Amino acid sequence: MSLASGSSTRRRTPEELKAPEDFTTTEKPTTSEDLTTTEELTTPEELSASATGTSSASTDESAAVLPAALRRPRLPRPPALPRILRAALTGATKSAAIVALLLVWELAPRFGLVDRTFLPPFSEVAQAWWELVANGQLADNARASLLRSFSGFGIAVAVSVPLGLLIGWYRPVADLLNPLLQVFLNTAALALLPVFVLLLGIGETSKISIVVYACAWPILFNTISAVRTVDPTLLRLAKSMDLSAPRLFQKVILPASVPTIFTGIRLAGAVSIVVLVAAEMIGAKAGLGYLINASQYNFAIPQMYAGIVTISVIGVAFNQLLVAVEKRLSSWRVPATS
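Predicted model only: the values in this text are computed from it and were never measured.

### A few points about the overall build of the chain
In terms of helices and strands, the chain carries 14 helices and zero strands. The 338 residues of the chain split such that 28% are buried. When contacts within the chain are restricted to residue pairs at least 6 apart in sequence, those whose partners lie at least 24 apart make up 70%. For the chain, the exposed area adds up to about 22,500 Å²; of that, 66% sits on carbon and sulfur atoms.

As structure tokens, then:
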């Protein structure tokens, strides 16, 4: 009896009196008495579940509050109609001069200010242009001209830019070649057209070569000027960082020269079309220059003006393409602020 009562009222050891949170590190009880005594306590699974529930609730609450606190206030977007009107006004302002020119072109022959035989109204020129598009003549001639022009222009860029960088980087080479380059610069390309025809024939080679010659000099001299006029402060800062010559050229000289180089490239793009048209008027059987010359001989004046308008449109589009490429390559520059 006393043994039974003693066994039922046995004092628990200090290990059994540990806090419920320490049960995660204790072993499972193996005796029936220990099991009966530990059933009233909280199990480790219940503790972990409650802790997880509490932490997840607090985490969810903080996750819901934190983005709301860090979220930037959105500025109200302007209405669509004012933006459309502003864009339309900007486009109208930029095209006002061209519209005025076309209007004068249309009205001057009709009111007898000029002889409409030699300067027909713009509407007749537009009609002739559409007829050339419909019968495929304009596309064939434009394709031939663009192939020649872009081939010569590409060769000139590929040759003149590296050569200009080399001459501009090494001053003794520039001092040696500058007199000879000045002679070629001041010799008009069209003046040498008979020489190219005599040496290379009247085929495609002479036409592409004259374009290369005409485009090379603006690109070459602008590249030389770009390298030799780099900001001295940039050079001193780069040299203070102990950059090697190749790294200095790659990281400082070349990026700083991009705007001036592209000025020469844009000039060469305009020259390539002008010189090619003049070359196509001599001994060519296709091209916009041939179309203009043949229309003049056949007294198809509206078609002649249609060819001239096509050359102008191609020149403007090509220039805008070069401007976009220049902005892409010189995007590192900080725009000037007023």
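From this point, things continue past the structure.
### Describing the nonpolar core
Core analysis: the largest hydrophobic core is formed by 34 residues, its most contacted members being F153, L181, I210 and I265. If you list the elements that add at least two residues to this core, you get α7 (137–169), α8 (171–185), α9 (193–200), α10 (204–228), α12 (245–280) and α14 (301–329). With 12 residues, the single largest contributor to this core is α10. The next biggest cluster of nonpolar side chains, apart from the first, holds 16 residues, and it includes W105, L138, I301 and I314.

### Observations regarding the packing of aromatic side chains
Each aromatic ring pair is specified by the distance between its two centres and by the angle formed by the two planes. On inspection of all chains with the given rule, the structure shows eight aromatic pairs. Where W105 meets Y305, the ring centres are 5.9 Å apart and the plane angle is 65°; that geometry is what we call edge-to-face. Residue W105 is located in helix α5 (residues 96–110), and its partner Y305 is located in helix α14; the two are separated by 200 residues in the primary sequence. Note on Y305: relative accessible area 18%, which makes it buried. Grouping aromatic residues by their ring pairs yields a cluster made of F184, F196, Y213 and W217.

### Some details on unusual backbone geometry
A positive phi angle, close to 60°, is found at F299, a residue other than glycine. Its place among the elements puts F299 in the loop between α13 (288–297) and α14.

### Considering helix α6 (residues 122–134)
Its 13 residues place the ends of α6 18 Å apart at the C-alpha level, agreeing with the 18 Å of an ideal helix rising 1.5 Å per residue. Taken as a whole, α6 has its buried residues at V125, A128 and L132. Take α6 and look down its axis: the buried residues cluster within an arc of 60°, on one side only. Structural note: α6 exposes Q127, W130 and A134 on the side pointing more than 90 degrees away from its buried face. Packed against the buried residues of α6 are α5, α7, α13 and α14. Just downstream of α6 lies G136, where phi reads positive at about 85°.

### Considering the environment of I261
Mapping I261 onto the fold places it in helix α12. Overall, I261 belongs to the buried group, its relative accessible area being 6%. Between the alpha carbons of I261 and I219 there is a distance of 6.6 Å; along the sequence they are 42 residues apart. Leave out the neighbours within four places in its chain, and I261 touches V161, L165, T223 and A226.

### Description of empty space enclosed by the protein
Leftover empty space is mapped by rolling, across the atoms, a probe with the size of a water molecule. One pass over the full model with this rule turns up one cavity of 30 Å³ or more. Empty space within the largest cavity amounts to approximately 70 Å³. Along the walls of the largest cavity sit S145, L146, S149, I273, L276, V277, E280, L288, I311 and I314, which together make up its complete lining. Those elements that place two or more of their residues in the lining of the largest cavity are α7, α12 and α14. In terms of residues, the lining of the largest cavity owes the most to one element, α12, which gives four residues.

Rules used throughout
Position labels on residues start from 1 in each chain and follow its written sequence. Residues qualify for local features only when their pLDDT is at least 70, as the model is predicted, and side-chain atom pairs are given and counted only at 80 or more; totals for whole chains, interfaces and linings, by contrast, use all residues. Heavy atoms from the whole structure form the basis of all side-chain values; hydrogens and water molecules are not counted. The numbering of helices and of strands both runs from the N terminus, where a helix is a DSSP run of H or I of at least 4 residues and a strand a run of E of at least 2. Between buried and exposed lies partly exposed: a residue is buried under 20% and exposed over 50% of the maximum accessible area for its type, with that area taken using a 1.4 Å probe on protein chains only. The contact criterion used throughout is that any non-hydrogen atoms of two residues lie within 4.5 Å. Here, Shrake-Rupley sampling with a 1.4 Å probe gives the accessible areas, and only protein chains in the shown set may cover a residue. Nonpolar core, defined: a set of buried Ala, Val, Leu, Ile, Met, Phe, Trp, Tyr and Cys residues in which side-chain atoms within 4.5 Å join the residues together. Two rings belonging to Phe, Tyr or Trp (six-membered ring only in the last case) form a pair when the distance between their centres is within 6.5 Å. Interplanar angles under 30 degrees mark stacking, angles over 60 mark edge-to-face geometry, and anything in between is tilted. Here the expected span of a helix is defined as 1.5 Å times the quantity of residues minus one. Summarising the geometry, the arc corresponds to the directions from the helix axis toward the C-beta atoms. Residues are said to line a cavity or pocket when one of their atoms sits within 4 Å of a point; the points come from a 1 Å grid over protein atoms alone, cavities being sets where a 1.4 Å probe fits but cannot get out and pockets being open sets with protein on both sides within 12 Å along at least five of seven lines. Grid points are joined across faces, edges and corners, and a volume is the space filled by probe spheres set on the points.

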